[in-house]
Amino acid sequence: ATGKGVAKALRSLGAEVAEVDVKGPDFELPHGIDLAFIALHGTFGEDGQVQRILEHRGVAYTGDGVAESELAFDKIRSKEAFRQHGVATPYWQIVTIGQRPTIPIPFVIKAPRQGSTVGVHIIKNEREIDAAILDAGKYDRELLIEKFVPGRELTIGILGEQALPILEIIPKGGFYDFTNKYPFLNPSAGGGAEHVCPAKIPEDRTRAIQDLALRAHRSLGLQVYSRVDIMLPEEGEPAVLEVN
């Protein structure tokens, strides 16, 4: 769906576009391609793998390079970079399969190298922990445990050195999980979300949040574009969850 949207936008600007459905590392590109516009979500798309293949083939591509993409995709390494650069982010710890988190409930269990909230669980009582760790552990032996921050879900696009208007995401139910992100994949689940842009936030606070998003983007060495996810509590300061 993202690829179709990007292709339509590029054609409207006069570009000649060939759509390639990437199913694995042996994807074929039409002859004479000038630029690969990457429109892939999650593993093998955001994580540096397809970038490495394109570099090996000598094909220019959009977005940041291999090392930067790998770093931004890894939620644990990103957190370490945020801390190193003084970027506000919720308190966190790392556990391996078999260990118990020591952060007080509520907290969030995250598989660190997945996209689209795959392997993400919000824990609100003790009974949910084992099943959530078991599920997240399907993707990685090392898991990120993050303090749960209730509040408004914001996302800010970064284009070079410019922070774009703040987008607020209001899920129909629960949090912005796979079902709410992609309701067209499972219409019967009743997912979806309202997107408000620009978010209804006072101007001075808007600037502070955009500045925080820019600092998160820079802390990972990114230069091209990204989208920064931020939680805004009812009371308290905004905190960066991750950079996409």
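The preceding data block contains the structure.
Now for a quick tour of the structure. (Residues numbered from 1 in each chain as written. Predicted model: local features only at pLDDT ≥ 70, side-chain atom pairs only at ≥ 80, totals over all residues. Heavy atoms only, no water.)

Overall, the coordinates contain 16 salt bridges when judged by the stated rule. Put simply, Glu 19 and Arg 11 hold a salt bridge, and the shortest N to O gap is 3.1 Å. Glu 146 serves as the salt-bridge partner of Lys 79, at 2.6 Å between the closest nitrogen and oxygen. Here Lys 79, found in helix α4 (residues 75–84), pairs with Glu 146, found in strand β4 (residues 142–147); they are 67 residues apart in sequence, far enough to count as distant. A relative accessible area of 0% places Lys 79 in the buried class. (Salt bridge = Lys/Arg side-chain N within 4 Å of Asp/Glu carboxyl O. Helix = DSSP H or I, 4+ residues; strand = E, 2+ residues; numbered from the N terminus. Buried < 20%, exposed > 50% of the residue type's maximum accessible area, 1.4 Å probe, protein only.)

So, on to a nonpolar patch on the surface. On the surface, Phe 37, Leu 159, Leu 164, Val 224 and Tyr 225 cluster together to form a nonpolar patch covering roughly 390 Å² of accessible area. By secondary structure assignment, the location of Leu 159 is in strand β5 (residues 152–159). Look at Leu 159 and you get partly exposed, because its relative accessible area is 47%. (Patch = residues over 30% accessible without salt bridge, like charges linked within 9 Å, V, L, I, M, F, W, Y side chains within 5 Å. Areas by Shrake-Rupley, 256 points an atom, 1.4 Å probe, with all protein chains shown as cover.)

Below, the discussion takes up the side chain of Asp 64. By secondary structure assignment, the location of Asp 64 is in the loop between α2 (49–57) and α3 (66–73). One buried charge, Asp 64, has no salt-bridge partner; the nearest side chain with opposite charge is Arg 218, at 12 Å. A polar contact of 2.9 Å, which involves the side chain of Asp 64, links it to the backbone nitrogen of Gln 223. In this structure Asp 64 touches Gln 51, Ser 69, Gly 221, Leu 222, Gln 223, Val 224 and Tyr 225, once residues within four positions along its chain are discounted. (Lys, Arg positive; Asp, Glu negative; His and termini not counted. Polar contact = N/O pair within 3.5 Å; in protein donor to acceptor, adjacent residues only side chain to side chain. Contact = heavy atoms within 4.5 Å.)

Another aspect to go through is the nonpolar core. Counting 24 residues, the largest nonpolar core has Leu 154, Ile 156, Ile 209, Leu 220, Val 228, Ile 230 and Val 240 as the members making the most contacts within it. Beyond its immediate chain neighbours, meaning those up to four positions away, Ile 156 contacts Ala 163, Leu 164, Ile 166, Ile 209, Ala 213, Ser 226, Arg 227, Val 228 and Ile 230. With 11 residues, the next largest nonpolar core counts Phe 107, Ile 123, Ile 129 and Leu 143 among its residues. (Core = buried A, V, L, I, M, F, W, Y, C linked by side-chain atoms within 4.5 Å.)

With that out of the way, let us pick up the side chain of Asp 229. As for its placement among the helices and strands, Asp 229 is situated in strand β8 (residues 225–232). The class for Asp 229 is buried, based on a relative accessible area of 14%. Side chain to side chain, Asp 229 and Thr 155 meet in a polar contact 2.8 Å long. Contact partners of Asp 229, with chain neighbours within four places excluded, come to Leu 154, Thr 155, Ala 239, Val 240, Leu 241, Glu 242 and Asn 244.

Either a parallel or an antiparallel arrangement is found when strands of a sheet pair, and the pairing is made through backbone hydrogen bonds. If you trace the 4 strands from one edge of the open sheet to the other, you get β1-β4-β2-β3, paired in antiparallel fashion. Looking at strand neighbours, the two that pair on one side only are β1 (92–96) and β3 (120–123), the edges of this open sheet. Averaged over all pairs of adjacent strands, the angle between strand axes in this sheet comes to 25°, irrespective of strand direction. Examined bridge by bridge, strand β2 (residues 107–110) and β3 share 4 bridges and lie antiparallel to one another. What sits directly across from Phe 107, in β3, is Ile 123. In the packing of α4 onto the sheet, the strands contacted are β1, β2 and β4, and the crossing angle to β4 comes to about 50°. (Pairing = 2+ DSSP bridges. Axes fitted to C-alpha atoms, helices over the stretch in contact; angles between N-to-C directions.)

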